[in-house]
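One-letter residues, chain by chain:
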Amino acid sequence: MSLETNIKSQNAVMRYLKENMGTLIGLFAMCVLLSFTTNGVFYSQRNLINILRQVSSNACLAFGMTFAIITGGIDLSVGSILAISGTLSAGLIVKSGFSVPGAVATSIIIGTALGLFNGFVIAKTTIPPFIVTLAMMQMARGAAYIYSNGQPIRAMIPEYMIIGTGYLGPIPLPVIYMLVFLIISIILLSKTRFGRHVYAVGGNDKAAIFSGVNVARTKMMVYTMSGFLAAFTGVVLCARMASGQPTAGQSFEMDAIAATVLGGTSMSGGVGKIGSTMIGVLIIGVLNNGLNLLGLNSFWQQIAKGIVILLAVYVDMLKKRRK
Amino acid sequence: MAEQGKILLQMKNIHKKFPGVYALKDVNFELKAGEVHALLGENGAGKSTLIKCLAGIYIPEEGEVIVNGKSHIMTSVADSQAHGISVIHQELCLVPYLSIAENMFLGRERNVGGIIKRAQENEEAKKMLSRLGLDFNPNTLIKDLSIAQQQMVEIAKALSVKADILVMDEPTASLTEKETEVLFDTMRQLKAEGIGIIYISHRMSELFEITDRVTVMRDGQYVGTVNTRETTNDQLIAMMVGRELTQLYFKDEVKPGKIVLEVKDLVSPPFVNGVSFAIREGEIVGMSGLVGAGRSETSHCIFGLDDRYTGEIFVEGKPVHIRSVRQAMENGIALVPENRKEEGLVLVNSVGYNLTLTILHEIFKGHPLGNPAREEEEIARHIKELAIKTPSADQLAENLSGGNQQKIVIAKWLATKPKLLILDEPTRGVDVGARAEIYGFMNELAKQGVAILMISSDLPEVINMSDRVLVMHEGRITANLGKNELSQEIIMRYATGNGGTRNVA
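Residues numbered from 1 in each chain as written. Chains lettered and ligands numbered in written order. Predicted model: local features only at pLDDT ≥ 70, side-chain atom pairs only at ≥ 80, totals over all residues. Heavy atoms only, no water.

**Student:** Hey, could you run me through the overall build of chain B in this one?
**Tutor:** Along its length, chain B carries 18 helices and 22 strands. The C-alpha radius of gyration of chain B comes to 24 Å, within 12% of the 23 Å expected for a compact globule of 505 residues. Dimensions of chain B, computed from C-alpha atoms along their principal axes, come out at roughly 70 × 50 × 50 Å. Counting across all 505 residues of chain B, residues that qualify as buried make up 54%. Partitioning the intrachain contacts of chain B with sequence separation of at least 6 by distance along the chain shows that 66% fall at a separation of at least 24. When the accessible surface of chain B is totalled, it reaches about 21500 Å², and 50% of it is carbon and sulfur. If the 56 positive side-chain charges of chain B are averaged to one point and the 67 negative ones to another, these points end up 0 Å apart. (Helix = DSSP H or I, 4+ residues; strand = E, 2+ residues; numbered from the N terminus. Rg over C-alpha atoms; globule rule 2.2 N^0.38 Å. Buried < 20%, exposed > 50% of the residue type's maximum accessible area, 1.4 Å probe, protein only. Contact = heavy atoms within 4.5 Å. Areas by Shrake-Rupley, 256 points an atom, 1.4 Å probe, with all protein chains shown as cover. Lys, Arg positive; Asp, Glu negative; His and termini not counted. Charge placed at Lys NZ, Arg CZ, Asp CG, Glu CD.)

**Student:** So what exactly am I meant to see when it comes to empty space enclosed by the protein here?
**Tutor:** One water molecule sets the probe size; rolling that probe over the atoms shows where empty space is left. This model, assessed by the stated rule, comprises one cavity of 30 Å³ or more. Arg203, Thr427, Arg428, Gly429 and Asp458 of chain B are, among the 13 residues lining the largest cavity, the residues nearest its centre. (1 Å grid on protein atoms, 1.4 Å probe; cavity = no way out; pocket = protein on both sides within 12 Å on 5 of 7 lines; lining within 4 Å. Points joined across faces, edges and corners; volume = space filled by probe spheres on them.)

**Student:** What is the right way to look at unusual backbone geometry in this model?
**Tutor:** For residues other than glycine, phi is negative in most cases, and the peptide bonds are mostly trans. All names here are of chain B. At the junction of Pro269 and Pro270, the peptide bond is cis and its omega measures out at 0° in the coordinates. Note on placement: Pro270 falls in the loop between strand S13 (259-268) and strand S14 (272-280). Of note in the backbone geometry, Glu474 takes a positive phi value of approximately 45° without being a glycine. Secondary-structure assignment places Glu474 in the loop between strand S21 (468-473) and strand S22 (476-482). Located in the positive-phi region is Asn503, a residue other than glycine, with phi close to 60°. With respect to the helices, strands and loops of the structure, Asn503 is situated in the segment after helix H18 (488-495).

**Student:** Looking at this model, I keep getting lost on the interface of chain B and chain A. Mind explaining?
**Tutor:** Note on interface size: it is often stated as the accessible area lost on association of the parts. Of the residues lining the interface, 29 residues belong to chain B; the matching set on chain A comes to 19 residues. Buried area between chain B and chain A, both sides added, is near 2000 Å², and the carbon and sulfur share of it is 59%. The largest share of the area that chain B buries against chain A comes from Glu343, Tyr353 and Leu369 of chain B, three residues that together contribute 24% of it. Our count for the contact surface shared by chain B and chain A stands at two salt bridges. Among the ionic pairs, Arg196 of chain A bridges to Glu375 of chain B, the shortest N-O distance being 2.7 Å. (Buried area = accessible area lost by both parts, 1.4 Å probe. Salt bridge = Lys/Arg side-chain N within 4 Å of Asp/Glu carboxyl O.)

**Student:** Just to check I follow, could you spell out the sheet that holds strand S15 (residues 284-289) of chain B for this structure?
**Tutor:** Two modes of strand pairing occur in sheets, parallel and antiparallel, and in both the strands are linked by backbone hydrogen bonds. Residue and element names in this part refer to chain B. The six strands lie next to each other as S18-S19-S20-S15-S21-S22, forming an open sheet whose pairing is mixed. A single partner strand is all that each edge strand has here, and the edge strands are strand S18 (333-336) and S22. The sheet shows a mean angle of 20° between the axes of neighbouring strands, direction not considered. Sheet analysis places S18 next to strand S19 (residues 420-424), joined by four bridges and oriented parallel. (Pairing = 2+ DSSP bridges. Axes fitted to C-alpha atoms, helices over the stretch in contact; angles between N-to-C directions.)

**Student:** So what exactly am I meant to see when it comes to the pairing of S13 of chain B here?
**Tutor:** Side-chain direction in a regular strand flips from residue to residue, so the side chains alternate between the two faces of the sheet. Residues and elements named next belong to chain B. As paired elements, S13 and S14 share seven bridges and run antiparallel to each other. If you follow Ser268 over to S14, its bridge partner there is Val272. As paired elements, S13 and strand S16 (residues 310-315) share five bridges and run antiparallel to each other. Across the sheet, Glu262 pairs through a bridge with Phe314, a residue of S16.

**Student:** What should I look at first to understand the side chain of Ser89 of chain A in this one?
**Tutor:** If you trace the backbone, Ser89 of chain A turns up in helix H4 (residues 78-94). Within the local environment of Ser89 of chain A, its side chain forms a polar contact with the backbone oxygen of Gly86 of chain A, the two atoms lying 2.7 Å apart. (Polar contact = N/O pair within 3.5 Å; in protein donor to acceptor, adjacent residues only side chain to side chain.)

**Student:** What is the right way to look at a nonpolar patch on the surface in this model?
**Tutor:** All names here are of chain A. On the surface, Leu294, Leu296, Trp300, Ile303, Ile307, Leu311 and Val315 cluster together to form a nonpolar patch covering roughly 660 Å² of accessible area. Position of Val315 among the secondary structure elements: in helix H14 (residues 298-322). Taking the relative accessible area as the measure of exposure, Val315 reaches 43% and is therefore partly exposed. (Patch = residues over 30% accessible without salt bridge, like charges linked within 9 Å, V, L, I, M, F, W, Y side chains within 5 Å.)

**Student:** I'm lost on helix H7 (residues 158-165) of chain A in this one. Help?
**Tutor:** Because an α-helix completes one turn every 3.6 residues, residues spaced three or four positions apart along the sequence face the same direction. Residue and element names in this part refer to chain A. Tyr160, Ile163 and Gly164 are the residues of H7 that are buried. In an axial view of H7, the angular spread of the buried residues amounts to 85°, which keeps them on one side of the axis. H7 presents Pro158 and Glu159 as exposed residues on the side facing more than 90 degrees away from its buried surface. On the buried face of H7, the contacting elements are H4, helix H5 (100-124), helix H8 (173-191) and helix H11 (215-241). (Arc of directions from axis to C-beta.)

And the structure:
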């Protein structure tokens, strides 16, 4: 029995390596290159942990995005939901006298509800997800500005700040959250009935309906989940900055989409894996970090990111065509 | 136009290799002016590959193509068109929101300095349409035409590039009997004008009606060419499958049991206008009718896909509430849909994934993270029982042949152990070998007491496989015909509404 599971888990690892060969080689090459050009700074424990912390928000958003894109949709509202939940969490404590747990829970519930709203409209009408979440992106961002009067809400409360700045041993809490969500997302997508339904909805929603899959419910759950992850990330980010920033998370949806696509998830739906998205997240993270270490400014980082996305997706298409 | 009987096209010793496999091996083909030459073979026999070599989509590694006396290998679609070859693909390639004329001139618009000369296009389009005896307004949008009409536009478009070689890939797959007749008339006219037509179809009866010669392919190889007048159905099938297929249809006598399903006064406008019938254990009931008669729509009510119908449904005598697919499934009803690619399969996912999609609730019951052992066993059993030809359960469904895809759809519904199995066009686009197997499963299931409702436009199939046949016309059942009164003529009479009603409650 133990031998059998051993073989099976080995197979799973081999399959993962094989499926993600291209992106893994790319990531590895970048790391090697950086270790030479930065005199080892890149490989210092501090920097590596730093990278993980930097990518943690994008990772959480990208997990939700991967679900949305596999169903054939997209969620453009994650950056804005992040902002409204983040400002709410700080504001509820400072302005309304909520307890820290109360404020955190309330703001996450509200962000999740916005995701549910997305899902509801997408499932019950024929308005495309792109439009629905574009509208939510505007509305949630606007709400964040209104709630905060356009000003950051300062919340220098240790109990609150620790959510974003705390450590578990040597590992920052945001990295822990990321790992937890990574594992949950992998299990949800690859092991559960819900995950199967996600693939069916994106692969062929008609066939899913004809097979008795509850397509509407599946879509609602996906966008609710994405909303939850965005809200959670928003709270962590604002806690770390000790301030509810209405401008937080601007264009984060684009990085989440980029990571998802880098991981090989098909924009037309039905194909994709969380583990692959994680590699996409790391590529973007290492790229940003490396260019920082090399002293290139963030404008160059954007250009580099664009080139990498084009290259990666092109290589992926070549690989698929060859099959 | 070319004079009758002149050789328009010769393909000699064509070889085409894909990584590791020969897709075509030493294939020969010849086409004369004014002939309809069928290309016949099971799915995967290499017909499409050969056509793609002719159309410039694939370039053969070896062999010679002679068009109008000149040896020339086509290197691109444009090159092929310039040599007078026009291909009408199985999937229609028209833009729905453009007009007939705009579609006809797509990519070669009549223009002055980029400004389109609409009037000229319309006039030319009108001329081309009337050549085929079509009286369409060239300004009509494609989306407003029926599939058959769109097919006609495709032909007009194909001919408008001055083609003298026309390739038609399964043009009748989605046409009704009547529409097929119209198409055949057009083809006869084209023949008279000296155009050579390469015709691909699975429907044997059509070959005998319209073709002059038949070339048979099998496993990428040339089997032989015969004159249609001198051959028989059996000979062609034997050539296709490489062995004598003793019997295509196989149907044992089964004594019907108790009533499994009864529907009363199903109404769901505009296609279902008062349908009542019953079906018993072990019965195979055919459902015949023209496209638009409301057959599939009726089945969608029973299967919970349409939740707005009125009327009553009884399963084993008890009234049931079916407003969703899940409720239909709970009542032991299964539906193999009409269009396996659109409604039956998640093509981008694996064979195994598709096979268990209908029984996930069972597999995950008590195992929130799945039960791989049970699942693998289920998948292996279905692959074996239905003889699905796939390298492994991990193969993507889109890589399988039509027949094997259809078997997956049937298998995933058999997995639910249905009491009533509705099959909507179960053998459309399925090769002869797989067809015989599917008929075998149906026979076997009926013997086990499953009630089968088979919606089909293939009349020989309906007549040979059914215990009785319900004929629909304009949303109503116009006849309930017993096995001994079945004939194509009688079915068509009630299907077209020319026979009144017969034996209908």
